[in-house]
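Breakdown of the fold
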Amino acid sequence: MTQVVLRTGATVVGTAGASRHDWLRSLGVIPVGYDTDLQASLSRMALDGFDAVIDTVGHGYVDLAIKLGVEPNRINTIIDFEAAAQHKVHTDGGSEAESPKTVLAEIAQLVADGELQIPVAAVYDLDNVRQTYTQLEKGHTGGKIVLRVADP
């Protein structure tokens, strides 16, 4: 998502642990640690405020966006549906695109052309689906977790 937003020319601030900051910088993202007073850090970082927030994590990011003065119609969460209902923010995922197949094909082509990076943290065989979910539940994977359904 971040890399697609960057392609529009937007300035992107991303929250991550310190171990991921260099990677974010390599993409063109301004990193900020979520282990600090996040609201204070973000307020100092963007004195004019933020135009929009995309929440893919939950854990209070919609509430934080509201506190930072982001208009509810400029906030989208794909995970915090309780906050979305409370603040009347968007919950748009890929299925809301006019042509999801076309969007997916465009993203796949960008990946194939090397214009989007998709870091893979781990690959599991279908026989290890329980282990796959265990890792997903821990969070902070540092990339996508792939469940291989059949041999390549």
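Residues numbered from 1 in each chain as written. Predicted model: local features only at pLDDT ≥ 70, side-chain atom pairs only at ≥ 80, totals over all residues. Heavy atoms only, no water.

Looking at helix H6 (residues 100-112)
The end-to-end C-alpha separation of H6 is 18 Å, in line with the 18 Å expected for 13 residues at 1.5 Å each. Of the residues one or two after H6, Gly 114 is the one with positive phi, at around 80°. (Helix = DSSP H or I, 4+ residues; strand = E, 2+ residues; numbered from the N terminus. Expected span 1.5 Å × (residues − 1).)

Observations concerning helix H3 (residues 38-45)
When we look at burial in H3, the residues that qualify are Leu 38, Ser 41 and Leu 42. When H3 is viewed along its axis, its buried side chains cluster within an angular range of 95° and face the same direction. For H3, the elements touching its buried residues are strand E1 (13-16), strand E2 (30-33) and helix H4 (61-67). (Buried < 20%, exposed > 50% of the residue type's maximum accessible area, 1.4 Å probe, protein only. Arc of directions from axis to C-beta. Contact = heavy atoms within 4.5 Å.)

Some thoughts on the pairing of E2
As judged from the four bridges shared by E1 and E2, these two strands associate in the parallel manner. Across the sheet, Ala 16 pairs through a bridge with Gly 33, a residue of E2. Tracing the backbone out of E1, into helix H2 (residues 21-27) and back to the parallel element E2 gives a crossover that is right-handed. (Pairing = 2+ DSSP bridges. Right-handed = clockwise from strand over helix to strand, strands pointing away.)

Some remarks on the environment of Ser 43
Within the secondary structure layout, Ser 43 lies in helix H3. Each C-alpha atom, one on Ser 43 and one on Gly 60, is 16 Å from the other, the two residues being 17 residues apart in sequence. A polar contact is formed between the side chain of Ser 43 and the backbone oxygen of Gln 39, at a distance of 2.9 Å. (Polar contact = N/O pair within 3.5 Å; in protein donor to acceptor, adjacent residues only side chain to side chain.)

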